[in-house]
Amino acid sequence: MAKREYDIVTKEEIIELIKKSRLPVLTLDRKWLNIFNTDEKSDEIAILEKKVNTSLKSQGTINTKRDELIGLKKTLMKEIVSNMDAEENSRARKKVDKSKELIEEINDELLLLQDKELDVPSNINNANALLAYQSLEEIYNKIKKNDDDIDSLEKWIDETRIELKKRILVREKKREENELMDKYISDTFHPEVVRQYKKYREEQ
């Protein structure tokens, strides 16, 4: 195969890499849930999450069904053993024959379940890989947005800090001016003059 001059990675290649990695089932992973189990969850994540959970449930359904069939098969086997010596055409013998038919049907169903069970890990892995890819997309988009917001906030903070320093200087200058003028008034005018003047100003 010819080597590509420009090695462009595709979405499909990344998903295949995820499938081959030892990735936990995300919907069961506490760290993933801490990020995505929120009211802000996107529709894409919600849909893929449901697919993973459906695949997981199918494993549980298969296990439950298999346990039920195996339990029924054991019951039928006991009935066959207890009626092995029954006479031909007797009711007990007919029951044995019916139990044998049911066991054959159970064996067929168990084989079908076994085939389905073989597909379950692959289905879970496929659904989980798609969810993982979408999670990467959204995480990196969020990180990029957060980084942009952080840059804007840092710029605002720096500008505000400079403006704050300017305003503090202006405030201090005005305080000094007031102190100087207050001292001038107290040093120059009689207290009664000052008192009457303040009263005069208040009445204006």
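Structural data are supplied above this passage.
Residues numbered from 1 in each chain as written. Predicted model: local features only at pLDDT ≥ 70, side-chain atom pairs only at ≥ 80, totals over all residues. Heavy atoms only, no water.

**Some remarks on the packing of helix H3 (residues 43–82) against helix H4 (residues 91–188)**
Interaxial distance between H3 and H4 falls to 8 Å at its minimum, and their mutual angle equals 165°. Here H3 is positioned roughly antiparallel relative to H4, judged by the angle of their axes. With respect to the hand of their crossing, H3 and H4 are arranged in left-handed fashion. Its residues placed into classes, the contact of H3 with H4 shows 22 nonpolar, ten polar and 13 charged. (Axes fitted to C-alpha atoms, helices over the stretch in contact; angles between N-to-C directions. Helix = DSSP H or I, 4+ residues; strand = E, 2+ residues; numbered from the N terminus. Parallel < 35°, antiparallel > 145°, perpendicular 65-115°, else oblique. Left-handed = near helix turned anticlockwise from the far one by under 90°. Nonpolar A, V, L, I, M, F, W, Y, C, P; charged D, E, K, R; others polar.)

**With respect to a negative patch on the surface**
Taken together, the side chains of Asp97, Glu101, Glu104, Glu105, Asp108 and Glu109 make up a negatively charged region of the molecular surface. Taking relative accessible area as the criterion, Asp108 reaches 48% and is therefore assigned partly exposed. (Patch = residues over 30% accessible without salt bridge, like charges linked within 9 Å, V, L, I, M, F, W, Y side chains within 5 Å. Areas by Shrake-Rupley, 256 points an atom, 1.4 Å probe, with all protein chains shown as cover. Salt bridge = Lys/Arg side-chain N within 4 Å of Asp/Glu carboxyl O. Lys, Arg positive; Asp, Glu negative; His and termini not counted. Charge placed at Lys NZ, Arg CZ, Asp CG, Glu CD. Buried < 20%, exposed > 50% of the residue type's maximum accessible area, 1.4 Å probe, protein only.)

**Remarks on the nonpolar core**
Judged by nonpolar contacts, the single largest core of 13 residues is most densely connected at Ile18, Leu26, Trp32, Ile45 and Leu131. Listed by contribution, the elements that provide at least two residues to this core are helix H1 (11–20), helix H2 (30–36), H3 and H4. Looking at this core, the element that brings in the most residues is H4, giving five residues. Sequence-distant contacts of Leu26, that is, excluding residues within four places in its chain, are made with Trp32, Leu33, Asn128, Leu131, Ala132 and Ser135. Judged by nonpolar contacts, the second largest core, of eleven residues, contains Ile62, Val96, Leu113 and Ile124. (Core = buried A, V, L, I, M, F, W, Y, C linked by side-chain atoms within 4.5 Å. Contact = heavy atoms within 4.5 Å.)

**Some remarks on the pattern of salt bridges**
Tallied over the full model, the rule gives eleven salt bridges. A salt bridge links Lys144 to Asp148, with the nearest nitrogen and oxygen atoms 2.8 Å apart. Of this pair, Lys144 and Asp148 both sit in helix H4, four residues apart, which is roughly one turn of the helix. Lys145 is the salt-bridge partner of Asp149, the closest N and O atoms lying 2.9 Å from each other.

**Quick word on the environment of Glu109**
Note on placement: Glu109 falls in helix H4. C-alpha of Glu109 to C-alpha of Leu69: the two residues are 40 residues apart in sequence and 8.2 Å apart in space. Excluding its chain neighbours within four sequence positions, the residues that come into contact with Glu109 are Lys65 and Leu69.

Function cannot be read off these values alone, since they describe shape.
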